[in-house]
Amino acid sequence: MSEPAPKEPTFTDAEIDALVETFYAKVRRHPRIGPVFNGQIAEEAWPHHMAMLKDFWATVLQGSGRYKGSPMAVHQRIEGFQEWMFTPWLNLFHATCVELFDAPRAAIIGEKAERIARSLKLGLFFRPGAPA
């Protein structure tokens, strides 16, 4: 009989809150992607948006099921959103994870973010047969 797979570490709501708050503060200040996010989300709408993002990451990291939206549909509606934006987004995300978590936990979160980004990129920008 084989050993059971090691269980992924649990992330607390407080840790998820810190991740989302720290990361999106960086995103909002970023010279290239900040204007896109800030242009889509009014200042007074950020608290609601942050709560939704916390629910999303709680669903991803805890399996909470609190997030009920569609990331693909949300990103399809972002005016000015381009494929190159995934690179600085992921760089900021990984830097935030390393800042807040030990290496194994940062790697777990980072891999989940990479998979989400790949999925979004394919859904939003992959157009087989489209002219280059």
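The structure reproduced in this document is the subject of the present report. Every value quoted in this text rests on a predicted model; they were computed, and no experiment measured them.

1. Things to note about the packing of helix α3 (residues 46-62) against helix α6 (residues 103-125)
Moving on, step 1. Remark: α3 packs on α6, axes separated minimally by 11 Å, with the N-to-C direction vectors making an angle of 115°. The angle between α3 and α6 places the two elements in the roughly perpendicular class. The two elements α3 and α6 meet at a crossing, and its hand is right-handed. Touching Phe56, Trp57, Val60 and Leu61 of α3 are Ile109, Lys112, Ala113 and Ile116, all from α6.

2. Thoughts on helix α1 (residues 13-29)
Turn by turn, an α-helix covers 3.6 residues, leaving residues three or four places apart pointing in a common direction.
Moving on, step 1. Compared with the 24 Å implied by 1.5 Å per residue over 17 residues, the 24 Å span of α1 between its first and last C-alpha is a close match.
Moving on, step 2. Those residues of α1 that are buried are in contact with α2 (34-40), α3, α5 (86-100) and α6.

3. Re the packing of aromatic side chains
Moving on, step 1. One pass over the structure, following the stated rule, counts 13 aromatic pairs.
Moving on, step 2. Ring geometry for Phe23 versus Tyr24: centroids 4.7 Å apart, planes at 75°, classification edge-to-face.
Moving on, step 3. Relative accessible area serves as the criterion here: at 1%, Phe23 is assigned to the buried category.
Moving on, step 4. Each ring, one from Phe23 and one from Trp89, has its centre 4.9 Å from the other, and the planes form 80°; the classification is edge-to-face. You can see Phe23 sitting in helix α1 and its partner Trp89 sitting in helix α5, a full 66 residues away along the chain. Neither Phe23 nor Trp89 differs from the other in exposure class; each is buried.
Moving on, step 5. Feature note: the residues Phe23, Tyr24, Phe37, Trp46, Phe56, Trp57, Tyr67, Trp89 and Phe93 constitute an aromatic cluster, connected by ring pairs.
Moving on, step 6. Here Arg32 stacks its cationic end above the ring of Trp84, 3.9 Å away from the centre of that ring.

Cut-offs and rules
- Residues numbered from 1 in each chain as written.
- Predicted model: local features only at pLDDT ≥ 70, side-chain atom pairs only at ≥ 80, totals over all residues.
- Heavy atoms only, no water.
- Axes fitted to C-alpha atoms, helices over the stretch in contact; angles between N-to-C directions.
- Helix = DSSP H or I, 4+ residues; strand = E, 2+ residues; numbered from the N terminus.
- Parallel < 35°, antiparallel > 145°, perpendicular 65-115°, else oblique.
- Left-handed = near helix turned anticlockwise from the far one by under 90°.
- Contact = heavy atoms within 4.5 Å.
- Expected span 1.5 Å × (residues − 1).
- Phe/Tyr/Trp six-rings, centres within 6.5 Å; stacked < 30°, edge-to-face > 60°.
- Buried < 20%, exposed > 50% of the residue type's maximum accessible area, 1.4 Å probe, protein only.
- Lys NZ or Arg CZ within 6 Å of the ring centre and 35° of its normal.

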